[in-house]
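Here are the chains, one letter per residue:
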Amino acid sequence: MPDRHVVVRNIDRPAPDVVARLAEAGASTVHEAIGRRGFAGTDLRPNQRNVRMAGPAVTVSSPPGDNLMIHAAVEVCRPGDVLVVTTTSPSTDGMFGELLATSLAARGVIGLVTAAGVRDTVELREMGFHVWARAVSAQGTVKASPGSVNVPVTLGGVSVRPGDVVVADDDGVVVVPRAEAEEAAELAEKRIAKEAANREILRSGTLGVDHYGLRARLAELGVTYQDCLPPSWTHDGR
């Protein structure tokens, strides 16, 4: 039986070109392409704007209000990784800031996603270290309690295993299982091509209700068209 608290040094990661393709597609497109799965919820907000990021997950399970295991995780990170930090009970403490970001950046880590809080947000933006977090909080943490690194965790109701691909941008955070990463990239690219064709059709002036065949759906749902507002709906009855 494994130790209760463990730091796993080595994990399997997807091919870098597959990760790059998912980053190019973005969170919303990937989410739709894989069957509307993997979205880690609206609580995770970006600290920056106009950034698209994807990378293999290095996971951290930590007690609330304690960032000891984030420090422990730095050692096992590789260039291109994304650190995913969760807590064993809900927390909004500022568990991560400029100094930890500096340490991670030196290892080539491209960003962090956390179900807890961050601070030093101005400095993080200035140094170009990308963060998605549940909260921003000046309240710091201690370094006193054990946790684990590179174990399965849950982020916003989504299971994250070490090496899964984390795709994040202004729309939020989506997790793609490592074993599905290449297929997800292919599906996302097909969706992008389809949307490009639809965009040209809509740009020409064709209505979405006609292009997508939605008039029949509206009729099935009992939606009717009338030229004027019915008299009974006006304020004076006329």
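To start, this report covers the structure provided alongside it. Remember, predicted model here, so these are calculated numbers, not experimental data.

The rules we used
- Residues numbered from 1 in each chain as written.
- Predicted model: local features only at pLDDT ≥ 70, side-chain atom pairs only at ≥ 80, totals over all residues.
- Heavy atoms only, no water.
- Helix = DSSP H or I, 4+ residues; strand = E, 2+ residues; numbered from the N terminus.
- Buried < 20%, exposed > 50% of the residue type's maximum accessible area, 1.4 Å probe, protein only.
- Axes fitted to C-alpha atoms, helices over the stretch in contact; angles between N-to-C directions.
- Left-handed = near helix turned anticlockwise from the far one by under 90°.
- Contact = heavy atoms within 4.5 Å.
- Nonpolar A, V, L, I, M, F, W, Y, C, P; charged D, E, K, R; others polar.
- Pairing = 2+ DSSP bridges.
- Right-handed = clockwise from strand over helix to strand, strands pointing away.
- Core = buried A, V, L, I, M, F, W, Y, C linked by side-chain atoms within 4.5 Å.
- Expected span 1.5 Å × (residues − 1).
- Salt bridge = Lys/Arg side-chain N within 4 Å of Asp/Glu carboxyl O.

Section: unusual backbone geometry
Point 1. Phi angles above zero are rare outside glycine, and Arg36 is one such case at about 60 degrees.
Point 2. Tracing the chain through its elements places Arg36 in the loop between α2 (27–33) and β1 (45–46).
Point 3. Classification of Arg36 by relative accessible area gives exposed; the value is 58%.
Point 4. Located in the positive-phi region is Asn150, a residue other than glycine, with phi close to 65 degrees.
Point 5. On the secondary structure map, Asn150 appears in the loop between β7 (148–149) and β8 (153–155).
Point 6. According to the relative accessible area criterion, Asn150 is buried, its value standing at 5%.

Concerning the packing of helix α1 (residues 16–25) against helix α6 (residues 181–203)
In helix packing, the relevant descriptors are the interaxial angle and the interaxial distance, both defined with respect to the helix axes.
Point 1. Direction vectors running N to C along α1 and α6 enclose 35 degrees, while the axes themselves pass 9 Å from each other. Relative to α6, the crossing made by α1 is left-handed. Two secondary-structure elements touch here, α1 through Val18, Arg21, Leu22 and Ala25 and α6 through Ala181, Glu182, Ala184, Ala185, Glu186, Ala188, Glu189 and Ile192.
Point 2. Per-class residue counts for the contact of α1 with α6 are eight nonpolar, no polar and four charged.

Some remarks on the pairing of strand β5 (residues 111–118)
Point 1. For β5, the buried fraction is high: seven of the eight residues fall into the buried class.
Point 2. As paired strands, strand β3 (residues 82–87) and β5 are joined by four bridges and run parallel to one another. Bridge assignment links Leu83 to a residue of β5, and that residue is Leu112.
Point 3. Direction of pairing for strand β4 (residues 94–96) relative to β5: parallel, over a ladder of two bridges. Following the sheet pairing, Gly94 is matched in β5 by Gly117.
Point 4. Once you follow β4 into helix α4 (residues 98–106) and on to β5, the crossover reads as left-handed.
Point 5. Where β5 meets strand β6 (residues 130–136), six bridges bridge the pair, whose relative direction is parallel.

Describing the nonpolar core
Nonpolar side chains in soluble globular proteins tend to be buried together.
Point 1. One finds Leu83, Phe96 and Phe129 to be the most contacted residues of the largest nonpolar core, which totals 25 residues.
Point 2. For this core, the secondary-structure elements that each account for two or more residues are β2 (53–62), α3 (68–74), β3, β4, α4, β5 and β6.
Point 3. When residues in this core are grouped by element, the largest group, four residues, is from α3.
Point 4. Residues in contact with Phe96, not counting those within four places in the same chain, are Ile70, Ala101, Leu104, Leu112, Gly117, Val118, Arg119, Leu124, Phe129 and Val131.

Some thoughts on α6
Point 1. The end-to-end C-alpha distance of α6, which contains 23 residues, comes to 32 Å, matching closely the 33 Å that a straight helix rising 1.5 Å per residue would cover.
Point 2. Taken residue by residue, α6 has Ala181, Ala184, Ala185, Ala188 and Asn198 as its buried positions.
Point 3. Those residues of α6 hidden inside the fold are in contact with α1, α2, β10 (165–169), β11 (172–176) and α7 (208–211).
Point 4. Backbone geometry just downstream of α6 places Gly205 in the positive-phi region, at approximately 110 degrees.

With respect to the pattern of salt bridges
Point 1. Within the structure shown, the criterion is met by 10 salt bridges.
Point 2. For Asp12, the salt bridge is made with Arg178, and the minimal N-O distance between the two is 4.0 Å. Here the residue Asp12 occupies a position in the segment before α1, and Arg178 occupies one in the loop between β11 and α6, the gap between them amounting to 166 residues.
Point 3. Under the relative-accessibility criterion, Asp12 is labelled exposed at 53%.
Point 4. For Arg37, the salt bridge goes to Glu180, with nearest N and O atoms at 2.9 Å. Of this pair, Arg37 sits in the loop between α2 and β1 while Glu180 sits in the loop between β11 and α6; the two residues are 143 residues apart in sequence, bridging distant segments of the chain.
Point 5. For Arg37, a relative accessible area of 38% puts it in the partly exposed group.

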